[in-house]
Amino acid sequence: MGKKPLIQVEDVSFQYLVNKDEKIPVLKNISFNIYPGEYVAIIGHNGSGKSTLSKHLNGILKPSQGEVLVNGMNTKEKRLLKRIRQEVGMVFQNPDNQLIATTVEDDVAFGLENTGVPMDEMESRIRFALDVVGMSEMSKRAPHHLSGGQKQRVAIAGIIAMMPKCLVLDEATSMLDTYGRKDILKVIRKLNDDGMAIITVTHHMSEVAEADRVIVIEGGNIVLQGTPREIFQKKAFLQNIQLDVPAASRIAELVHHNHANFNPEIIHSYEIV
Ligand code: ADP
């Protein structure tokens, strides 16, 4: 690509330490780069290590072996973590763990505090972020009174307000219905068109089809990488690792790598099971 990588995952292995005698090996010698502005989907069946991997991308977890570098900054260096997290924002599956303030707008403001962003810019970023996710009307509401899908939108707004170079979504649209997901997909597409790198961990084929590149994880290893079209064509391989892609050939027909004629709506009904 000729560009400098935004994130470098270099030969990363990771074990969870359950107790002093027991380690659960999860990631095994994983290497890949994420470049500025890329849109990458990570897929794999439950327990394959996707979430563990995504938590390595902004230093929530540190590799047991190997390195993760964000714009050259090593996630093992504590003093760099704040800067790393401004560059790589992360939204998780369960928004309840991410929303803590008493109003929606305070929640979106939370990440911006202590970043040195001036107050008037903070206010315009909050307005912008809530507008992007379609939650402006609810800025004074209490987050815990919102629906699961609305909470996910607020959690995404909180990260958008930080203007990271990369947004990592770990099953972050899981609580949205088809229409809500479609709305958020449009938002993510727009952020990506404006230059933000997107990494999405997802079971939804409509999201996978949006990506420039798909990384398939199985048993903590990368077993396949390619464009959505290339991945969907390997139906037998995906089924072998229990990733069933119904009508893969149909999806492959629909996927246009440049997205020019691609309408993700068409394949909303095709999901990995
Ligand atoms: P995925 O996101 O693909 O479902 P995860 O990364 O959540 O996979 O989990 C990979 C493996 O690591 C699973 O076997 C899971 O049980 C284990 N695991 C995940 N989190 C922990 C944890 N905090 N402590 C111990 N084991 C964990």
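Residues numbered from 1 in each chain as written. Predicted model: local features only at pLDDT ≥ 70, side-chain atom pairs only at ≥ 80, totals over all residues. Heavy atoms only, no water.

A. Structural context of the site of the ligand. All residues adjacent to the ligand are Tyr16, Ile24, Val26, His45, Asn46, Gly47, Ser48, Gly49, Lys50, Ser51 and Thr52. Here an oxygen atom of the ligand sits 2.8 Å away from a polar atom, N or O, in the side chain of Lys50. Here Ser51 contributes a backbone N or O atom positioned 2.8 Å from an oxygen atom of the ligand. Its free accessible area being 560 Å², the ligand has 58% of it covered by the protein chains. It is helix H1 (residues 50-54) that contributes the most residues to the shell around the ligand, three residues altogether. (Near = heavy atom within 4 Å. Polar contact = N/O pair within 3.5 Å; in protein donor to acceptor, adjacent residues only side chain to side chain. Areas by Shrake-Rupley, 256 points an atom, 1.4 Å probe, with all protein chains shown as cover. Helix = DSSP H or I, 4+ residues; strand = E, 2+ residues; numbered from the N terminus.)

B. Inspection of the pattern of salt bridges at higher detail. Applying the stated rule across the entire model yields 12 salt bridges. Between Arg213 and Glu38 there is a salt bridge whose closest N-O contact spans 2.9 Å. Of this pair, Arg213 sits in strand E9 (residues 213-218) while Glu38 sits in the loop between strand E2 (22-34) and strand E3 (39-43), and the two are 175 residues apart along the sequence. Here Arg213 and Glu38 have matching classes, each one buried. Between Glu67 and Lys76 there is a salt bridge, and its shortest N-O distance comes to 3.9 Å. On the accessibility criterion, Glu67 (28% relative accessible area) is partly exposed. Classification of Lys76 by relative accessible area gives partly exposed; the value is 37%. Residues joined by salt bridges that share partners form a network here, namely Arg189, Asp193 and Glu210. (Salt bridge = Lys/Arg side-chain N within 4 Å of Asp/Glu carboxyl O. Buried < 20%, exposed > 50% of the residue type's maximum accessible area, 1.4 Å probe, protein only.)

C. Structural view of the confidence of the model for the chain. Mean pLDDT over the chain: 86, with 88% of residues reaching 70 or higher. In this model, residues 256-273 is a region of pLDDT below 50 whose contacts with residues beyond four sequence positions or in other chains number 48 contacts. (pLDDT = per-residue confidence, 0-100. Contact = heavy atoms within 4.5 Å.)

D. Highlighting helix H6 (residues 178-193). Over its 16 residues, H6 runs 22 Å from end to end, which matches the ideal 22 Å to within 8%, given 1.5 Å per residue. Within H6 the residues assigned to the buried category are Gly180, Arg181, Lys182, Ile184, Leu185, Val187, Ile188, Arg189, Leu191 and Asn192. Next to the buried residues of H6 lie E3, helix H4 (119-132), helix H5 (148-160), strand E7 (166-170), strand E8 (197-201) and helix H7 (205-208). Just past H6, the residue Gly195 takes up positive phi, approximately 115°. (Expected span 1.5 Å × (residues − 1).)

E. Here's a closer look at the layout of surface pockets. Its boundaries defined by the atoms lining it, the largest pocket holds a volume of some 690 Å³. Contributing elements (two or more residues each) for the lining of the largest pocket: helix H2 (81-87), strand E6 (88-91), helix H3 (104-110) and H5. Counted by class, the lining of the largest pocket contains 14 nonpolar, nine polar and four charged residues. Together, Glu105, Asp106, Ala109, Glu113, Met119, Met122, Glu123, Ile126, Arg127, Leu130, Ser136 and Ser139 line the second largest pocket. If you list the elements that add at least two residues to the lining of the second largest pocket, you get H3 and H4. No other element matches H4, which puts six residues into the lining of the second largest pocket. (1 Å grid on protein atoms, 1.4 Å probe; cavity = no way out; pocket = protein on both sides within 12 Å on 5 of 7 lines; lining within 4 Å. Points joined across faces, edges and corners; volume = space filled by probe spheres on them. Nonpolar A, V, L, I, M, F, W, Y, C, P; charged D, E, K, R; others polar.)

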